[in-house]
Amino acid sequence: MGLTRVPGLLYGGDYNPEQWPEEVWAEDVRLMAEAGVTMVTVAVFAWSRLEPEPGAYDFGWLDRVLGLLHEHGIAADLATATATPPPWLVRRHPEVMPVDAAGTRLEFGSRQGYCPSSPVFREHAVRLATAMATRYGDHPALALWHVGNEYADHTLECFCPESARHFRAWLQARYGTVGGLNAAWGTSCWGQHYTGFDQVEPPRRAPGPVNPAQLLDWRRFCSDALLELFTAERDALRAVTPDVPVTTNFMSILHGLDYWAWAEAEDLVSDDAYPDPADPSSHMAVALSYDLMRSLKRRPWLLMESAPSAVSWREVNAPKPPGVMRLHSLQAVAHGADGVMFFQWRQARYGPEKFHSALVPHGGTATRGWRDTLRLGADLRRLAEVAGGHTSADVALVFGWDSWWGLEAPESMPSDRLRLKDLLLSWYAPLHARGIAVDLAPPGADLSGYRVVIVPNLYLCTAEQAEALAAVTGELVVGPFSGVVDEADQVHDGGAPGPLRDLLGVAVEEFWPLPDGLTQPLRHAGGGAGAARTWAEWLRPDQGTAVLARFEGGDLDGLPAITRKGNATYLGCLPADLTPVLDRVLAGVPAIAVPAGVEAVRRGRHLFLLNHTTDEQRITLPYPGRDLLTDTDLRGDAVLAPRDAVVLRIEGDT
Ligand code: GAL
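Enquirer: Hey, could you run me through the sheet that holds strand 2 (residues 39-42) in this one?
Expert: Each strand in a sheet pairs with its neighbour through backbone hydrogen bonds, running either in the same direction (parallel) or in the opposite one (antiparallel). Taken in spatial order, the nine strands make up an open sheet running 5-4-3-2-1-9-8-7-6, and their pairing is parallel. Across the chains shown, the open sheet's two edge strands, defined by having one partner strand only, are strand 5 (246-247) and strand 6 (249-250). As paired elements, strand 7 (residues 270-272) and strand 8 (residues 301-305) share three bridges and run parallel to each other. Residue pairing for strand 8: Ser270 is matched across the bridge by Leu302. Lying on the sheet, helix 10 (residues 282-297) is in contact with strand 6, strand 7 and strand 8; it crosses strand 8 at an angle near 130°.

See below:
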């Protein structure tokens with residue numbers, strides 16, 4: 001069974017028929033069938049058209065759309081249509097609109113205009129979700145429920161009185177008493193001692209830096225509050241259609257939402273990815289987010305949205321050159337996607353996204369865009385057998401949102417140059433270049449199956465998370481500024497690395513952030529020279545802890561920069577080049593040698609070779625097999641044209 005009851009790899013996109021006269025719909029479904037589209041997302045922003053007046057539903061048009069889709073063999077990823085409340089709801093209940101940190105209530109006229117904590121919005125959203133489920137639960141086109149849309153895209157937080165009440169209730173549930181809250185937030189600092197929960201507010205704009213513990217709890221709360229909203233709609237759907245899977249589209253590696261928690265609440269993971277075609281490294285960064293999506297449920301996922309060519313929301317919106325839409329789509333499949341969908345089906349004629357590319361461009365079927373749409377549909381059909389395939393990785397990257405939120409608190413850290421996404425990418429990029437599959441794992445997860453576990457940063461580290469790292473039997477690598485605080489953002493007794501102290505065999509005496517542009521030379525035990533950038537630490541290793549590299553020159557001259565105890569390597573700096581560390585810990589981990597800019601990804605019994613360069617590339621195949629895209633047998637060397645791909649069914653592998 002695939003992600004939905006639709007077999008093979010899903011293909012399609014957001015379909016907004018409410019923006020078009022009905023005459024166009026017949027052409028839409030005919031073209032969808034021609035392109036091999038198997039599923040479209042319908043009604044995402046259609047609330048005001050489905051319920052133009054309170055309680056007066058107008059389902060007729062959607063009935064006809066779903067009927068047409070079904071007649072043409074196309075399934076529906078049906079939205080609950082709650083991503084934007086209708087004007088009547090906002091005018092009747094102005095309090096559903098979110099309020100920003102400066103106290104300004106936002107106006108209607110865009111989308112996602114709702115306060116995550118508004119009981120009024122929630123009640124109406126649940127009512128609509130129930131009405132949709134009741135009306136369409138038995139519809140033969142229905143394959144998937146799409147709740148909301150890109151939660152936290154525009155509205156992550158709201159500072160209105162209702163949100164404040166909700167925040168207080170959340171805090172009360174977490175801490176029980178105001179004394180518990182005072183202790184956790186360290187309110188003795190700067191005279192913030194509270195005597196009642198009613199005195200606590202969200203971190204609105206304040207005269208100076210806000211208590212970082214308050215901010216951390218606010219981030220947790222904001223993720224939870226939106227998740228509650230999602231869950232309320234999900235439960236309404238499940239009550240009527242328990243067998244129809246429920247998803248909401250994620251936004252790659254998003255700071256605002258803890259996707260580990262969110263993924264647990266949905267039936268399948270779907271993601272929206274918009275790598276910038278003008279950025280030559282974007283295929284690498286997007287691969288990391290795809291690996292996260294695959295890791296969230298350790299199952300295939302769905303690329304719910306990407307752009308066929310240009311987007312419309314960057315300052316300069318570069319189109320995708322010929323071949324890139326196909327290549328990027330195959331890349332998602334390589335990293336575990338069981339379907340590739342786009343924003344959107346037909347290019348809009350009005351609104352903020354009228355210049356955003358689509359599967360059917362303004363110019364219609366005489367365009368290269370449409371030819372690309374047809375070509376991709378045909379390719380995805382050739383790859384049907386890839387659906388369901390799993391990836392097994394030897395390497396895990398550990399990362400979680402609590403630590404990310406804590407690490408990036410403004411105005412209270414030794415340096416604001418430690419950015420979690422950058423740290424993740426600095427490890428991911430060289431692994432990706434070596435053709436080594438990577439899973440992401442949350443702090444505290446069972447990591448026993450991995451040969452190498454890398455923790456780029458674990459600023460916030462609990463005793464349980466430290467235990468999970470201590471249980472690693474393969475190589476463990478821990479990046480700097482880890483084990484610093486507990487879950488309340490309070491520095492561990494004795495300082496860093498706190499609960500990792502024994503495991504790593506090293507104490508951090510002082511953090512030594514490096515100003516921009518300044519590097520700190522270091523020398524590896526084997527003699528090679530290197531340099532640290534951005535960050536260094538004054539380390540004191542225990543007896544018996546080996547020193548793998550020392551700082552050379554400068555204020556830290558002679559002090560350890562990289563240490564090792566047992567299987568655990570600790571980095572007391574950010575080395576500019578991670579090669580020496582990786583060479584050591586990856587010894588024996590199978591890698592696939594490919595030229596720079598070529599990606600090699602194994603998924604189940606298939607090997608994807610993706611040439612992201614504009615040159616022809618010759619690759620020595622690690623195994624012979626059949627290229628599903630050209631239906632030819634390949635062995636020895638494969639030659640890939642610029643931006644072309646090979647999807648090899650490995651010979652003999654079952
Ligand atoms: C996404 C959103 C879509 C569309 C798209 C354009 O963030 O979910 O509705 O706006 O971006 O790139």
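Don't stop here, the text continues.
Enquirer: I'm lost on the pattern of salt bridges in this one. Help?
Expert: Opposite charge on two side chains permits them to pair, given that their charged atoms come into close proximity. All told, the structure shown has 40 salt bridges when counted by the stated rule. Arg605 serves as the salt-bridge partner of Glu385, at 3.7 Å between the closest nitrogen and oxygen. In this pair, Glu385 is assigned in the loop between helix 12 (368-382) and strand 10 (395-398) and Arg605 in the loop between strand 21 (598-603) and strand 22 (606-611), connecting sequence segments 220 residues apart. Looking at Glu385, the relative accessible area reads 31%, which means it is partly exposed. Residue Arg605 is classed as partly exposed on the basis of its relative accessible area, which comes to 29%. Linked by salt bridges that have partners in common, Arg174, Asp217, Arg220 and Asp402 make up one network.

Enquirer: When you look at the nonpolar core in this model, what are you seeing that I'm missing?
Expert: For soluble globular proteins, the rule of thumb is that nonpolar side chains tend to be buried together. Counting residues in each nonpolar core, the largest one holds 173 residues, and the members touching the most others are Leu62, Leu69, Leu78 and Phe399. Setting aside its immediate chain neighbours within four residues, Leu62 contacts Val42, Ala43, Leu50, Leu78, Met132 and Tyr136. Ranked by size, the runner-up nonpolar core spans 18 residues in total, among them Phe159, Leu181, Trp185 and Tyr194.

Enquirer: Whenever I open this one, the layout of surface pockets confuses me. Can you help?
Expert: It is a probe the size of a water molecule, rolled over the atoms, that shows where empty space is left. The computed volume of the largest pocket comes to approximately 1,500 Å³. Taken together, 48 residues make up the lining of the largest pocket; nearest its centre are Arg111, Glu150, Asp153, His154 and Glu353. Secondary-structure elements contributing two or more residues to the lining of the largest pocket are helix 2 (47-50), helix 10 and helix 14 (420-433). Among the elements that take part in the lining of the largest pocket, helix 10 stands out by supplying five residues, more than any other. Looking at the lining of the largest pocket, its residues break down into 20 nonpolar, 15 polar and 13 charged. Looking at the second largest pocket, it is lined by 26 residues, and the ones nearest its centre are Pro212, Ser412, Tyr459, Asp489 and Val491. Elements with a minimum of two residues in the lining of the second largest pocket: helix 7 (178-185) and helix 8 (212-240).

Enquirer: What's the story with the site of the ligand in this structure? I'm lost.
Expert: For the ligand, the full set of nearby residues is Phe45, Arg111, Asn149, Glu150, Asp153, Asp272, Tyr274, Glu305, Trp313, Phe343, Glu353 and His356. Note that an oxygen atom of the ligand is positioned 3.4 Å from one of the side-chain N or O atoms of Tyr274. In this structure, Glu353 approaches the ligand through a side-chain N or O atom, which is 2.3 Å from an oxygen atom. Contact with the protein chains covers 96% of the free accessible surface of the ligand, which is 310 Å². When atoms are counted within 2 Å of each cavity's grid points, the one that captures over half of the ligand is the largest pocket.

Quick notes on the rules
Residues numbered from 1 in each chain as written. Predicted model: local features only at pLDDT ≥ 70, side-chain atom pairs only at ≥ 80, totals over all residues. Heavy atoms only, no water. Pairing = 2+ DSSP bridges. Helix = DSSP H or I, 4+ residues; strand = E, 2+ residues; numbered from the N terminus. Contact = heavy atoms within 4.5 Å. Axes fitted to C-alpha atoms, helices over the stretch in contact; angles between N-to-C directions. Salt bridge = Lys/Arg side-chain N within 4 Å of Asp/Glu carboxyl O. Buried < 20%, exposed > 50% of the residue type's maximum accessible area, 1.4 Å probe, protein only. Core = buried A, V, L, I, M, F, W, Y, C linked by side-chain atoms within 4.5 Å. 1 Å grid on protein atoms, 1.4 Å probe; cavity = no way out; pocket = protein on both sides within 12 Å on 5 of 7 lines; lining within 4 Å. Points joined across faces, edges and corners; volume = space filled by probe spheres on them. Nonpolar A, V, L, I, M, F, W, Y, C, P; charged D, E, K, R; others polar. Near = heavy atom within 4 Å. Polar contact = N/O pair within 3.5 Å; in protein donor to acceptor, adjacent residues only side chain to side chain. Areas by Shrake-Rupley, 256 points an atom, 1.4 Å probe, with all protein chains shown as cover. Sits in = over half its atoms within 2 Å of the grid points.

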